[in-house]
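Architecture and fold: a report
So you can see what is in the structure, the chains are spelled out below.
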Amino acid sequence: MKGTVGELGEFGLIRELTSRLTSTPAVKIGPGDDAAVVAAPDRRVVATTDILLENRHFRRDWSTAYDVGRKSAAQNLADVAAMGAVPTAVLVALVVPADLPATWPLELMDGIRDECQVAGAAVVGGDVVRGDTITVAITALGDLRSRAAVTRSGARPGNLVAVTGWLGWSAAGFAVLSRGFRSPRAFVEAHRRPEPPYHAGPAAAELGATAMTDVSDGLVADLGHIAAASGADIDLRSADIDVPAQMSDIGQAVGVDPLHWVLTGGEDHAIVATFPRDVKLPARWRIIGEVRTPAGRIPQVTVDGAPWDKAGGWDHFGDDA
Ligand SMILES: Nc1ncnc2c1ncn2[C@@H]1O[C@H](COP(=O)(O)OP(=O)(O)OP(=O)(O)O)[C@@H](O)[C@H]1O
Ligand SMILES: Cc1ncc(C[n+]2csc(CCOP(=O)(O)O)c2C)c(N)n1
Ligand SMILES: [Mg+2]
Ligand SMILES: [Mg+2]
Ligand SMILES: [Mg+2]
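Bear in mind the structure is a predicted one, so any value in this text is a computation, not a measurement. (Residues numbered from 1 in each chain as written. Chains lettered and ligands numbered in written order. Predicted model: local features only at pLDDT ≥ 70, side-chain atom pairs only at ≥ 80, totals over all residues.)

1. What to know about the confidence of the model for the chain
Of the residues in the chain, 100% have a pLDDT of 70 or more, and the chain-wide mean is 98. Prediction confidence for the complex, expressed as pTM and ipTM, is 0.98 and 0.98 respectively. (pLDDT = per-residue confidence, 0-100.)

Below, the structure is given as structure tokens:
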């Protein structure tokens with residue numbers, strides 16, 4: 001595809017974007033009408049939205065359009081999974097400048113389509129608007145398959161805290177890219193294309209998870225939301241939190257304690273949940289701490305019993321943002 005988005009025009013771009021999509025049996029009416037129609041066998045719909053903004057969430061010299069597509073879909077699909085639901089459909093709202101090569105949004109859509117396919121969902125609609133900063137705003141829908149949603153508020157003292165998926169890999173990759181390097185590749189790739197363990201969300205619901213979230217901002221920050229919503233403290237045992245040797249090497253090279261990436265790095269979209277103590281967890285879950293009766297008035301996350309007094313993760317209005 002030659003030319004720019006402006007040359008293609010709004011409806012030319014929409015035609016090209018939608019022509020690349022695939023469908024699923026849940027999609028009754030896909031893109032092309034005033035709205036889509038998606039089957040909701042459960043009669044409840046899980047709905048969530050997240051935005052990716054150029055130079056805040058991604059850089060075009062660090063990630064391809066396809067990578068950004070995979071990541072923008074993953075970020076939303078992980079939220080559906082973190083409720084214990086199975087993703088069904090996504091809507092893609094795009095802001096793009098007129099002089100952007102048309103290949104960019106088309107490859108972005110390929111990435112979104114492929115990540116949706118990994119999670120079992122399909123793109124059912126969206127919007128396109130001309131603007132100065134590339135913005136990808138995705139809405140994802142999901143189905144609870146007759147189970148109760150797993151919220152952030154159900155953690156109870158005595159519960160175990162367990163996690164599945166990657167922790168700190170994206171942050172380590174970000175640190176590498178920020179310093180002008182392109183390797184180690186595994187970490188850079190983790191930053192470009194997170195791999196949320198989608199299946200683990202519904203699986204955790206089935207195993208009796210009492211609270212759950214995906215790790216988008218940082219383990220300590222996101223567990224902080226569970227602590228606050230549940231009115232309980234959460235203590236993490238650092239000895240049970242794996243720091244890969246290669247991550248330690250990067251930490252040494254750039255002067256950062258790698259445990260900091262694992263505890264506060266976002267964007268990997270691991271799934272962390274609390275479970276009753278007698279749960280039988282499959283091997284992919286690592287037990288990393290426990291829920292405790294709150295020691296003070298404000299529920300908090302502690303590490304090895306000590307309050308975490310640094311930032312627990314990304315905050316769009318924080319000092320590092
Ligand atoms: N502008 C908004 N209007 C209404 N609700 C909002 C708004 N922004 C956030 N929320 C709600 O606040 C809650 C927390 O939002 P947050 O974005 O931190 O969660 P998240 O999407 O799981 O995390 P992340 O954005 O880091 O992936 C969510 O339930 C979200 O829907
Ligand atoms: C260019 C660039 N600068 C900084 C970062 C780091 N970053 C941005 S948003 C976020 C947390 C999740 O965001 P949200 O809460 O919006 O889901 C993190 C860790 C990046 N990825 N790219
Ligand atoms: Mg959000
Ligand atoms: Mg989330
Ligand atoms: Mg966030």
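Text resumes after the structure shown.
2. Focus on the domain arrangement of the chain
One can read the domain layout of the chain as domain 1 (5–143) and domain 2 (160–307). If you average the C-alpha positions of domain 1 and of domain 2, the two centres end up 26 Å apart. Contacts between domain 1 and domain 2 engage 18 residues on the former and 16 residues on the latter. Among the secondary structure elements, those contributing two or more residues to the side of domain 1 that touches domain 2 are helix 3 (65–82) and strand 4 (86–96). For the side of domain 1 that touches domain 2, the element with the highest residue contribution is helix 3, accounting for 10 residues. Among the residues making up the side of domain 1 that touches domain 2, the classes are represented as 11 nonpolar, 3 polar and 4 charged. (Domains from an automatic or database assignment. Contact = placed C-beta atoms within 7 Å. Helix = DSSP H or I, 4+ residues; strand = E, 2+ residues; numbered from the N terminus. Nonpolar A, V, L, I, M, F, W, Y, C, P; charged D, E, K, R; others polar.)

3. Observations regarding the sheet that holds strand 4
Overall, mixed pairing links the 4 strands, which are arranged 3-6-4-5 in an open sheet. The open sheet has two free edges, formed respectively by strand 3 (46–53) and strand 5 (122–130), since each of these has just one partner strand. Ignoring strand direction, the axes of neighbouring strands in this sheet form an average angle of 15°. Where strand 3 lies against strand 6 (residues 135–143), 8 bridges are found, and the strand directions are antiparallel. In the sheet register, Thr 49 faces strand 6, and the bridge partner there is Thr 139. Sheet strands in contact with helix 3 are strand 3, strand 4 and strand 6, and its direction is about 150° off that of strand 3. (Pairing = 2+ DSSP bridges. Axes fitted to C-alpha atoms, helices over the stretch in contact; angles between N-to-C directions.)

4. Some remarks on the site of ligand 2
What surrounds ligand 2 is a group of 13 residues, the closest being Arg 59, Ser 216, Gly 266, Glu 267 and Trp 314. Considering only residue class, the shell around ligand 2 consists of 3 nonpolar, 5 polar and 5 charged. Counting the residues that make up the shell around ligand 2, at least three belong to each of domain 1 (5–143) and domain 2 (160–307). (Near = placed C-beta within 6 Å.)

5. Things to note about unusual backbone geometry
Put simply, Ser 183 and Pro 184 share a cis peptide bond, and its omega is 10°. Relative to the elements of secondary structure, Pro 184 occurs in the loop between helix 5 (169–178) and helix 6 (185–192). Positioned with a positive phi, Arg 43 is a non-glycine residue whose angle comes to about 75°. Within the secondary structure, Arg 43 sits in the loop between strand 2 (37–38) and strand 3.

6. With respect to the site of ligand 1
The environment of ligand 1 is made up of Asp 50, Gln 75, Asp 79, Ser 216 and Asp 217. Looking at the shell around ligand 1, its residues break down into no nonpolar, 2 polar and 3 charged.

7. Brief notes about the sheet that holds strand 10 (residues 271–275)
What the 7 strands build is an open sheet, ordered 8-10-7-11-9-12-13; its pairing is mixed. The open sheet terminates on both sides in strands that have one partner only, identified here as strand 8 (211–214) and strand 13 (306–307). Sheet strands touched by helix 3: strand 8 and strand 10. Its angle to strand 8, the strand with the most contacts, is close to 175°. Lying on the sheet, helix 7 (residues 200–207) is in contact with strand 7 (160–164), strand 8 and strand 10; it crosses strand 10 at an angle near 0°.

8. Focus: the UniProt feature "binding site: ATP" (unreviewed entry) in the chain
Residues annotated by UniProt as "binding site: ATP" (unreviewed entry) correspond here to Gly 126, Asp 127, Arg 152 and Ser 216. With a sequence span of 91 residues, these residues are also far apart in the fold, their greatest C-alpha distance being 31.1 Å. Tracing the sequence through the fold places Gly 126 in strand 5. Judged by the 22 C-beta atoms lying within 10 Å of it, Gly 126 falls in the buried class. Residues within four places of Gly 126 in sequence aside, it is in contact with Leu 91, Val 92, Ala 93 and Leu 94. Overall, Asp 127 belongs to the exposed group, with 12 C-beta atoms counted inside 10 Å. Not counting residues up to four positions away in its chain, the partners in contact with Asp 127 are Ala 93 and Leu 94. (UniProt positions renumbered as here; feature names shortened; annotations may be inferred. Buried ≥ 20, exposed ≤ 12 C-beta atoms within 10 Å, placed from the backbone.)

9. Observations concerning the UniProt feature "domain: PurM-like N-terminal" (unreviewed entry) in the chain
Mapped onto this numbering, the UniProt entry gives "domain: PurM-like N-terminal" (unreviewed entry) at residues 32–142. Here residues 32–142 is 32% helix and 34% strand, with 21 Å between the C-alpha atoms at its ends.

10. Concerning the pairing of strand 7
Among the 5 residues in strand 7, 4 count as buried, and that is most of the element. In the sheet, strand 7 pairs with strand 10 via 5 bridges, with the strands oriented antiparallel. Each residue of the ladder has a partner; that of Val 161, found in strand 10, is Thr 274. Bridge count for strand 7 against strand 11 (residues 286–292) is 4 bridges, and the pairing is antiparallel. Looking at strand 11, one finds that Ala 162 is bridged to Ile 287.

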